[in-house]
Number of protein chains: 2
Amino acid sequence: MRRWLLPEAIEDVLPAEAWHIETLRRRLLDEFRRHGYEFVIPPLLEYVESLLTGSGRDLDLRTFKLVDQLSGRTMGIRADIAPQVARIDAHLLNRTGVTRLCYCGSVLHTLPAGLTATRQPLQIGAELYGHAGIEADVEMLRLLAGALQLSGITTTRIDVGHVGVFRALADGAALEADQEQELFGALQAKDQPSLRELLKSVAEPYRSALLALPECYGGNEALQRAESFLPALPEIGQALAELRSLAGAVKDLQLSFDLADLRGLHYHSGMVFAAYCAEHPGAIALGGRYDKVGKAFGRSRAATGFSLDLRELARLAPGTAALGAILAPCPSSGDDAVAMQAVVKELRGKGEIVINELPGHASADWDQVGCNRRLTLREGRWQIETFVKE
Amino acid sequence: MRRWLLPEAIEDVLPAEAWHIETLRRRLLDEFRRHGYEFVIPPLLEYVESLLTGSGRDLDLRTFKLVDQLSGRTMGIRADIAPQVARIDAHLLNRTGVTRLCYCGSVLHTLPAGLTATRQPLQIGAELYGHAGIEADVEMLRLLAGALQLSGITTTRIDVGHVGVFRALADGAALEADQEQELFGALQAKDQPSLRELLKSVAEPYRSALLALPECYGGNEALQRAESFLPALPEIGQALAELRSLAGAVKDLQLSFDLADLRGLHYHSGMVFAAYCAEHPGAIALGGRYDKVGKAFGRSRAATGFSLDLRELARLAPGTAALGAILAPCPSSGDDAVAMQAVVKELRGKGEIVINELPGHASADWDQVGCNRRLTLREGRWQIETFVKE
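Fair warning: this is a prediction, and the values are worked out from it, not measured in the lab. (Residues numbered from 1 in each chain as written. Chains lettered and ligands numbered in written order. Predicted model: local features only at pLDDT ≥ 70, side-chain atom pairs only at ≥ 80, totals over all residues.)

### A short note on the overall build of chain A
Inference 1: Helix and strand content of chain A: 15 helices and 16 strands.
Inference 2: Dimensions of chain A, computed from C-alpha atoms along their principal axes, come out at roughly 90 × 55 × 50 Å.
Inference 3: The proportion of buried residues among the 390 residues of chain A is 46%.
Inference 4: Within chain A, contacts between residues separated by at least 24 positions form 69% of all contacts whose residues are at least 6 apart in sequence. (Helix = DSSP H or I, 4+ residues; strand = E, 2+ residues; numbered from the N terminus. Buried ≥ 20, exposed ≤ 12 C-beta atoms within 10 Å, placed from the backbone. Contact = placed C-beta atoms within 7 Å.)

Encoded structure:
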């Protein structure tokens, strides 16, 4: 057996990619911070009761379970950080007003979400608690758009949905939990034949409305279609009014609507959104309202936020060309060495990578680690010269 | 049951501490990078055969085990990142020359290492592969000393040991594995009565030499004591010569020696070191040679490195006083709003935290999240004024 083989869908991140990820991590966390989002670090594991509070069966199945040797209780490795941050807002900070938090950390999934998905995404996100008004959703959309722009990503569109619409129809049609689950799958897949089959026994106007949901897709005309196709339930009216008011507030972001997008059904409570960019089939970031999660922790709080996989973002974001390193002789004693150390310190202070040579290695070895210049003593002065392999 | 209680020795890190950790993380990773250490991100879990290769029973017991649903094989959550980085050097990069790598990530332990220890340390470290000479050890000691200084930590001393001394004595005395294990414990605890008891049946000169090891402690005189107390075995002679030459090369670092320090016995192969600072009883950083780890992965490579718990470092390192945030009105439309957004952008560009007000919250709420100044429109110009709670 080859000992260095990693489990399927688990990867090492090697130098160039790792530094690219680190650069994006800093850029995004700094952007969140400048907007008042405070950084928190929730733990990798918690008791399952706490970790899976308010979440669906889906997250439960994705969560690795472990036995705590100290308590004998079952712990889980987090598969999503957002519920942990909601717990921190609800119980640890326990502030009366608006709280903005952000985070960045690895999560683990028992099974990869898709053929090319990793089981260890690096989740980064921002959350806003304590404000139910549309201003919070607008801030979130702008923060996400700004973060993607800072990453060098061209956002092609942001799809906005509202789980309130489906919820109102499902409640009106008195759907059973498993029926709702199947409908959910068919709507996500925009699978009209299955949808028709599943809705056979559902009463009007809910049947026609649920069948029409996938057509409520596109620009502002999607909201007009929704108004004419969907029954005039108060919850639906409110959801459409919220979406219309959001569209008015962020005209520059080119929103489109998708009322059949239910990715966060078990979790989200209101508006949901997904950002897309060129050269990537799926959404690069997901977010929305989840006002009920705090309630599960015993403290009801309005909440909205988004998150994305920083490793995926790094694959799509343009990297910066590496400048290359400077090779300096191995430090020794003497005046020249003291002068050299001063030069090296100055170069490093300017952000240069300066690698100290170690004796007995061929110059090709130093080329291998990216040295393209060399610090050389020439006429009593330390100078940077082009690195030449001997 | 209170759902938000975390398992014992597992903690959330809240805003002020979390940002302090993030600041130190960046400072250290930048320092490593400027010295040519390339950042890598090994995964949180691996098959146990790979994760525990070349390590002792101690690490095995500290490692959480999981079953891989894709392969049915046992995986472990890493309890130490250094062996993963050795695997990356040995197999993924596979370079002929010197390779410098660094990393920063969480590890998990089944049980806390001590009464106040966390089960989720944030391990940060640097490793140098492919150079067996003393120059690499010198570079490591200097890099560690520099990193601690950058963190604002006053290093009180660095203790240096050499597992080759104990190894040579244990081999000479033909100790059995469990006997060696017990001796190891007694030496670490500097427990002379147990040591005497354990060494009763051991032949001279090994018995006297092992009893004398705890006395080989202190400045350069410790090496002199070692020379007079310990038998003149070639391995011991070499170890002492290496230590002497190290002490000569880093006179400014105030090394002390401790030949009974065997913390890395199962892992390390030569020189080992531990850095101490004021107001902390244990070592703040541990490091040393582990030339045999690469061999376990099928590629023998000289290796030396160190690591530390960034969370522990953050508790000891002085923080920087927070400047406080600026509260800006909620963005709306109109000329004043456009002008305000430009001012806000400029302030954020300068590193200020600017928080957008959301309607309907009391000014005490904004005080709670650190706002001490406010952006106000005064005579047609946006100005920063002291924040006053109404």
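### Quick word on the interface of chain A and chain B
Inference 1: Counting residues at the interface gives 75 residues for chain A and 75 residues for chain B.
Inference 2: A per-element tally of the side of chain A that touches chain B places helix H1 (residues 15-34) of chain A first, with nine residues.
Inference 3: Its residues assigned to classes, the side of chain A that touches chain B shows 40 nonpolar, 17 polar and 18 charged. (Nonpolar A, V, L, I, M, F, W, Y, C, P; charged D, E, K, R; others polar.)

### A closer look at the confidence of the model for chain A
Inference 1: Per-chain confidence: chain A averages 91 in pLDDT, with 98% of residues scoring 70 or above.
Inference 2: The ipTM for the predicted assembly is 0.94, set against a pTM of 0.95. (pLDDT = per-residue confidence, 0-100.)

### A word on the sheet that holds strand E16 (residues 381-386) of chain B
Residue and element names in this part refer to chain B.
Inference 1: The mixed open sheet is built from four strands, whose spatial order is E14-E13-E15-E16. Each edge of the open sheet is held by one strand with a lone partner, namely strand E14 (354-356) and E16. Across the sheet, the mean angle separating the axes of adjacent strands is 35° when strand polarity is ignored.
Inference 2: One ladder, built from three bridges, connects strand E13 (residues 325-328) with E14; its direction is parallel. In the sheet register, Ala-328 faces E14, and the bridge partner there is Asn-356. (Pairing = 2+ DSSP bridges. Axes fitted to C-alpha atoms, helices over the stretch in contact; angles between N-to-C directions.)

### Examining the sheet that holds strand E1 (residues 38-39) of chain B
Inference 1: Taken in spatial order, the nine strands make up an open sheet running E1-E5-E6-E12-E11-E10-E7-E9-E8 (chain B), and their pairing is mixed. With one partner strand each, in any of the chains shown, E1 and strand E8 (217-218) of chain B form the two edges of the open sheet.

### A few points about helix H6 (residues 163-172) of chain A
Residues and elements named next belong to chain A.
Inference 1: Most of H6 is tucked away, with seven of its ten residues classed as buried.
Inference 2: For H6, the complete set of buried residues consists of Val-163, Gly-164, Val-165, Phe-166, Ala-168, Leu-169 and Ala-170.
Inference 3: On the buried face of H6, the contacting elements are strand E7 (155-162), helix H7 (177-188), helix H9 (206-212), helix H11 (234-249) and strand E10 (271-277).
Inference 4: Positive backbone phi, at 50°, marks Ala-174, one or two positions downstream of H6.

### Looking at the packing of H1(A) against helix H5 (residues 134-150) of chain A
Each packed pair of helices is defined by two parameters, the angle between the axes and the distance between the axes.
Residues and elements named next belong to chain A.
Inference 1: Between H1 and H5, whose axes approach to 10 Å, the crossing angle comes to 150°. Considered as vectors, H1 and H5 are oriented roughly antiparallel to each other. Crossing of H1 against H5: the hand is right-handed. Contacts between H1 and H5 involve Arg-27, Leu-28 and Glu-31 on the former and, on the latter, Gly-146, Ala-147 and Leu-150.
Inference 2: A breakdown of the residues in the contact of H1 with H5 according to their chemical character gives three nonpolar, one polar and two charged. (Parallel < 35°, antiparallel > 145°, perpendicular 65-115°, else oblique. Left-handed = near helix turned anticlockwise from the far one by under 90°.)

### Here we look at the relation of the copies chain A and chain B
Inference 1: Under the fitted operation, chain A is carried onto chain B by 0.0 Å of movement along the axis and a turn of 180°, and the coordinates agree to an RMSD of 0.0 Å. Such a turn and shift between the copies fits a two-fold axis. Of every C-alpha in chain A, the one belonging to A:Leu66 sits nearest the axis of rotation, 3.6 Å from it.
Inference 2: Looking at the interface residues of chain A, 100% of them are also at the interface in chain B, so both copies use one shared face. (Least-squares fit on C-alpha atoms with pLDDT ≥ 70 in both.)

### Considerations on H5(A)
Residues and elements named next belong to chain A.
Inference 1: With 17 residues, H5 ought to run about 24 Å at 1.5 Å a step, and its terminal C-alpha atoms sit 24 Å apart, in line with that.
Inference 2: Taken together, the buried positions of H5 are occupied by Glu-135, Ala-136, Asp-137, Val-138, Glu-139, Met-140, Leu-141, Leu-143, Leu-144, Ala-147 and Leu-148.
Inference 3: Phi turns positive one or two residues past the end of H5, at Gly-152, with a value near 85°. (Expected span 1.5 Å × (residues − 1).)

### Regarding unusual backbone geometry
Inference 1: The omega torsion of the bond from A:Glu204 to A:Pro205 falls at 0°, within 30 degrees of zero and hence cis.
Inference 2: Mapped onto the elements of the fold, A:Pro205 is located in the loop between helix H8 (192-198) and H9.
Inference 3: Positive phi, normally seen in glycine, also occurs at B:Glu379, with a value near 50°.
Inference 4: B:Glu379 gets classed as exposed once you count the C-beta atoms within 10 Å, which come to 5.

### Details of the pairing of strand E15 (residues 371-378) of chain A
Residues and elements named next belong to chain A.
Inference 1: Sheet analysis places strand E13 (residues 325-328) next to E15, joined by three bridges and oriented parallel. Residue pairing for E15: Ile-326 is matched across the bridge by Arg-373.
Inference 2: Where E15 and strand E16 (residues 381-386) come together, six bridges link them in antiparallel fashion. Pairing of Thr-376 across the sheet is with Gln-383, part of E16.

### Observations concerning the environment of B:Ala18
Inference 1: Within the secondary structure, B:Ala18 is located in helix H1 (residues 15-34).
Inference 2: Considering only alpha carbons, one finds B:Ala18 and B:Ala314, 296 residues apart in sequence, at a separation of 9.0 Å.
Inference 3: In this view, B:Ala18 contacts A:Phe39, A:Val40, A:Ile41 and B:Val13; residues no more than four positions away in its chain are not counted.

### A word on the environment of A:Ser55
Inference 1: Tracing the backbone shows A:Ser55 in the loop between helix H2 (48-51) and helix H3 (57-62).
Inference 2: Sequence separation between A:Ser55 and A:Val354 is 299 residues; the distance between their C-alpha atoms is 49 Å.

### Overview of the environment of B:Arg207
Residues and elements named next belong to chain B.
Inference 1: Positionally, Arg-207 belongs in helix H9 (residues 206-212).
Inference 2: Residue classification places Arg-207 among the partly exposed positions, given that 18 C-beta atoms sit within 10 Å.
Inference 3: Placed 34 residues apart in sequence, Arg-207 and Ala-173 show a C-alpha to C-alpha distance of 7.9 Å.
Inference 4: For Arg-207, the contacting residues outside a window of four places in its chain are Leu-199 and Val-202.

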